[in-house]
Amino acid sequence: MGEIYSTQPKVHRSGVTAVDSADPADTSGAIDSKGYKECRFDVTITGTITRLEVQVLFWNPRQEKWWGGGKRTFTSTGQHALVVDCRGAIIFLKVTAFSGTSFSLSADYVLS
């Protein structure tokens, strides 16, 4: 039996049209997954892309810094699901690279 996602989808990022030039300054736009094991991102990409890369960032509260986790590269527009083993961490989905004409990315999330 697969994972049971026990929360309703919520918006994490919406209308992102450029690569993130830096990590977020703080955790205000991040996802607090305390009490959950996984986070599923439902990513929608529109535009004309050759390659779009995202990376999951994990917040280290002792050091007050973001740490880069796994990356995923998309080569087509549409709807994509990305599951992250977050184990209660504070996480953020960062756009790290893009090639193509233009894009718009939105990402909902569901915790399990």
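Small disclaimer: the values here were computed from a predicted structure and weren't measured.

Trainee: Could you give an account of the nonpolar core, naming the residues involved and the relevant values?
Mentor: Of all hydrophobic cores here, the largest spans 23 residues; its most connected members are Cys39, Phe41, Leu52, Val54, Ile91, Leu93 and Leu105. Of all elements in the fold, only strand S3 (38-60), strand S5 (78-85) and strand S6 (90-111) reach the threshold of two or more residues within this core. Once residues within four sequence positions are removed from consideration, Leu52 is found in contact with Ile45, Arg72, Thr73, Phe74, Ala97, Phe98, Phe103 and Leu105.

Trainee: Account for the pattern of salt bridges, with residues named and values stated.
Mentor: Summed over the entire model, instances satisfying the criterion amount to 7 salt bridges. With its nearest N and O atoms 2.6 Å apart, the salt bridge here joins Lys94 to Asp23. Of this pair, Lys94 sits in strand S6 while Asp23 sits in the loop between strand S1 (10-16) and strand S2 (31-32), and the two are 71 residues apart along the sequence. The exposure class of Asp23 is partly exposed, given its relative accessible area of 35%.

Trainee: Quick one: what's the story with the packing of aromatic side chains, residue by residue and with numbers?
Mentor: To describe a pair of aromatic rings, you give the distance between the ring centres and the angle between the ring planes. Scanning all chains against the criterion turns up 3 aromatic pairs. A centroid spacing of 5.1 Å and a plane angle of 65 degrees characterise the contact between Trp59 and Trp66, whose relative ring orientation is edge-to-face. Across this residue pair, the class does not change: Trp59 and Trp66 are buried. Plain terms: the ring middles of Trp66 and Phe92 are 6.2 Å apart, the flat faces sit at 55 degrees to each other, and that makes the pair tilted. Of the two residues, Trp66 is situated in strand S4 (residues 65-74) and Phe92 in strand S6; the sequence distance between them amounts to 26 residues. What links up through ring pairs into an aromatic cluster is the set Trp59, Trp66 and Phe92.

Cut-offs and rules
- Residues numbered from 1 in each chain as written.
- Predicted model: local features only at pLDDT ≥ 70, side-chain atom pairs only at ≥ 80, totals over all residues.
- Heavy atoms only, no water.
- Core = buried A, V, L, I, M, F, W, Y, C linked by side-chain atoms within 4.5 Å.
- Buried < 20%, exposed > 50% of the residue type's maximum accessible area, 1.4 Å probe, protein only.
- Helix = DSSP H or I, 4+ residues; strand = E, 2+ residues; numbered from the N terminus.
- Contact = heavy atoms within 4.5 Å.
- Salt bridge = Lys/Arg side-chain N within 4 Å of Asp/Glu carboxyl O.
- Phe/Tyr/Trp six-rings, centres within 6.5 Å; stacked < 30°, edge-to-face > 60°.

Structural measurements only, silent on function.
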